[in-house]
Amino acid sequence: MGVFIGGLASFFSKDVKKSLAYSTVEKSNLMCLFLFVASFWIGSEVEEYSSLGKSFLVLFYLMLLHHSFSKTFQFLAIGYLCKKAKTNVLDLCKGVGRVSGLSSLELGFGTLSFAALPGTIGFVAEGTLLFLISKTIDLS
């Protein structure tokens, strides 16, 4: 429920900082789910379940690392742009990046990982998540 509600609130929020915060709530709930699955399966006598539980624990740490670095950068970049625009309203912050003195690549650096572009830690984390979900579906 937290992943779903956090995602919806993040998507429909007009306040930039609230949108980023709701996105963090969504990702935190998803990481708690990974911990739950890991703790549920890691002590299993069935080797396949045990290795899958350890994999979900690795995914938790990978997502934690990915989210902390990317979201910190996003909060700093968005905070700078909101300060330049003198507002937190998303629609009023459009175009501020052009006059900020920072390039689009510099402003988008934290977001590139969330886009799961190859070579970023977000790509590795999302790829691992898809792989583990496919393994979970294949369980008997």
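Residues numbered from 1 in each chain as written. Predicted model: local features only at pLDDT ≥ 70, side-chain atom pairs only at ≥ 80, totals over all residues. Heavy atoms only, no water.

Q: Pulling in residues and values, what's your account of the packing of aromatic side chains?
A: Any pair of aromatic rings gets described here by the distance separating the centres and the angle formed by the planes. This model, assessed by the stated rule, comprises 6 aromatic pairs. Taking the centre distance of 6.0 Å and the plane angle of 40 degrees together, the rings of Phe34 and Phe56 count as tilted. A residue pair is termed long-range when its members are at least 10 positions apart, and Phe34 in helix α2 (residues 16-41) and Phe56 in helix α3 (residues 47-85) qualify at 22 residues. Accessibility assignment for this pair places Phe34 and Phe56 in one class, buried. Ring plane angle 10 degrees and centroid distance 5.8 Å describe the contact between Trp41 and Tyr49, whose orientation is recorded as stacked. Judged by relative accessible area, which is 24%, Tyr49 ranks as partly exposed. Here a set of aromatic residues connected by ring pairs shows up, and it is made of Phe34, Trp41, Tyr49 and Phe56. (Phe/Tyr/Trp six-rings, centres within 6.5 Å; stacked < 30°, edge-to-face > 60°. Helix = DSSP H or I, 4+ residues; strand = E, 2+ residues; numbered from the N terminus. Buried < 20%, exposed > 50% of the residue type's maximum accessible area, 1.4 Å probe, protein only.)

Q: How would you summarise a nonpolar patch on the surface if you had to cite specific residues and measurements?
A: Together, Met1, Phe4, Ile5, Leu8, Phe11 and Phe12 make up a nonpolar patch on the protein surface, roughly 770 Å² of accessible area in all. Tracing the chain through its elements places Met1 in the segment before α1 (2-12). (Patch = residues over 30% accessible without salt bridge, like charges linked within 9 Å, V, L, I, M, F, W, Y side chains within 5 Å. Areas by Shrake-Rupley, 256 points an atom, 1.4 Å probe, with all protein chains shown as cover. Salt bridge = Lys/Arg side-chain N within 4 Å of Asp/Glu carboxyl O.)

Q: Just give me the short version of the layout of surface pockets, but keep the residues and values in it.
A: Reported here for the largest pocket is a volume of approximately 420 Å³. If you go around the largest pocket, you meet 18 residues; those closest to its centre are Val16, Leu20, Ile78, Leu90 and Thr111. Looking at the lining of the largest pocket, the elements with two or more residues in it are α1, α2, α3 and α5 (104-114). The greatest single-element share of the lining of the largest pocket, amounting to 6 residues, is contributed by α3. Counted by class, the lining of the largest pocket contains 10 nonpolar, 6 polar and 2 charged residues. One number sums up the size of the second largest pocket: a volume of about 150 Å³. Taken together, Val3, Ser10, Ser23, Glu26, Lys27 and Leu30 form the lining of the second largest pocket. Its residues assigned to classes, the lining of the second largest pocket shows 2 nonpolar, 2 polar and 2 charged. (1 Å grid on protein atoms, 1.4 Å probe; cavity = no way out; pocket = protein on both sides within 12 Å on 5 of 7 lines; lining within 4 Å. Points joined across faces, edges and corners; volume = space filled by probe spheres on them. Nonpolar A, V, L, I, M, F, W, Y, C, P; charged D, E, K, R; others polar.)

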